[in-house]
Amino acid sequence: MSESFTVSGTLTVRTFAKGLFSALAHDLELRATSLSGTATRTGEAWSATLELKVEGLRVAGVLRRGKLHQDVLSAGDRADIERKIREDVFAPATVIRAIVEGTKDSPKVRFEFTSGRSGNTSPRCRVRFESDTSVHVSTVVSMKSLGLTEVKGPLGAFSLKDEVEVEVDVVLAPSAAG
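Each chain has its residues counted from 1, running along the sequence as written. Residues qualify for local features only when their pLDDT is at least 70, as the model is predicted, and side-chain atom pairs are given and counted only at 80 or more; totals for whole chains, interfaces and linings, by contrast, use all residues. Side-chain figures throughout are based on the complete set of non-hydrogen atoms in the structure, without hydrogens or water.

Draft legend 1. Region of interest: the packing of aromatic side chains. Classification of ring pairs uses Phe, Tyr and Trp, with its six-membered ring standing for Trp, and accepts pairs whose centres are within 6.5 Å; under 30 degrees between planes counts as stacked, over 60 as edge-to-face, and the remaining range as tilted. Taken as a whole and assessed by the stated rule, the structure comprises three aromatic pairs. With a centroid separation of 5.7 Å and an interplanar angle of 35 degrees, the aromatic rings of Phe 90 and Phe 113 are classed as tilted. Of this pair, Phe 90 sits in the loop between helix 1 (75-89) and strand 7 (95-103) while Phe 113 sits in strand 8 (residues 106-113), placing them 23 residues apart in sequence. A single burial state applies to Phe 90 and to Phe 113, both of which are buried. Taken together, Phe 5, Trp 46 and Phe 129 form an aromatic cluster joined through their ring pairs. Only DSSP runs of H or I reaching four residues or more are called helices, and only runs of E reaching two or more are called strands; each is numbered from the N terminus. Only protein chains enter the calculation, and the probe is 1.4 Å; a residue is then buried if its accessible area is under 20% of its type maximum, exposed if over 50%, and partly exposed in between.

What follows is the structure, given as structure tokens:
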């Protein structure tokens, strides 16, 4: 017997600078709180489709020594980074879709974009059920494997590491049809 759920949640992405002048760049945490979708459970097997609009990704702050600092960037800097994310990194995609399949011990996550690009996550994907209605997924994603544009600073002084950390926290609610 299958159970169906509606899903809402938050996506968190952490990026890290590399290169000769990476100390002058910022490691960033991006967040989107408009994640939505559906999920189905049949026994131990899960499948889910989660979506968010690229325009919903916001700069949460700067990471320093593993801690988030929200007071480092000006409003203009945040707006500039968010514009670059939309126009340079993800364009022409406007929606990011994550397809999750498998069991909590053997999950597979695939990302798709409205531009037609897609890619799989690394085998380091982890799923943790916080409760019957709350799930935490963490993984590492290669930007190159998704066909995303490499992000570089002025004159190539630094760039972002290819692998970014992705965490998804979702809340499951039984759907009316389930």
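What follows picks up the thread again.
Draft legend 2. Spotlight on the nonpolar core. What we call a nonpolar core is a set of buried Ala, Val, Leu, Ile, Met, Phe, Trp, Tyr and Cys residues that are connected through their side-chain atoms within 4.5 Å. By size, the foremost hydrophobic cluster in this structure holds 42 residues, and its most contacted members are Leu 11, Leu 57, Phe 90, Ile 96, Phe 111, Val 166 and Val 168. Ignoring sequence-local partners within four residues, the contact set of Val 168 consists of Thr 10, Leu 11, Leu 35, Leu 50, Val 135, His 136 and Val 137. We call two residues in contact when some of their heavy atoms are within 4.5 Å.

Draft legend 3. Region of interest: helix 1. Each residue after the first adds 1.5 Å to the expected span of a helix. Between the first and last C-alpha of helix 1 there are 20 Å, a value that for 15 residues agrees with the 21 Å anticipated at 1.5 Å per step. Residues of helix 1 that are buried include every one of Arg 78, Glu 82, Ile 85 and Val 89, and no others. In a view along the axis of helix 1, the buried residues occupy a sector of 95 degrees, so they form one face of it. If you follow the buried residues of helix 1, they end up packed against strand 3 (27-42) and strand 5 (58-64). Of all possible arcs, the one meant is that of the directions from the helix axis to the C-beta atoms.

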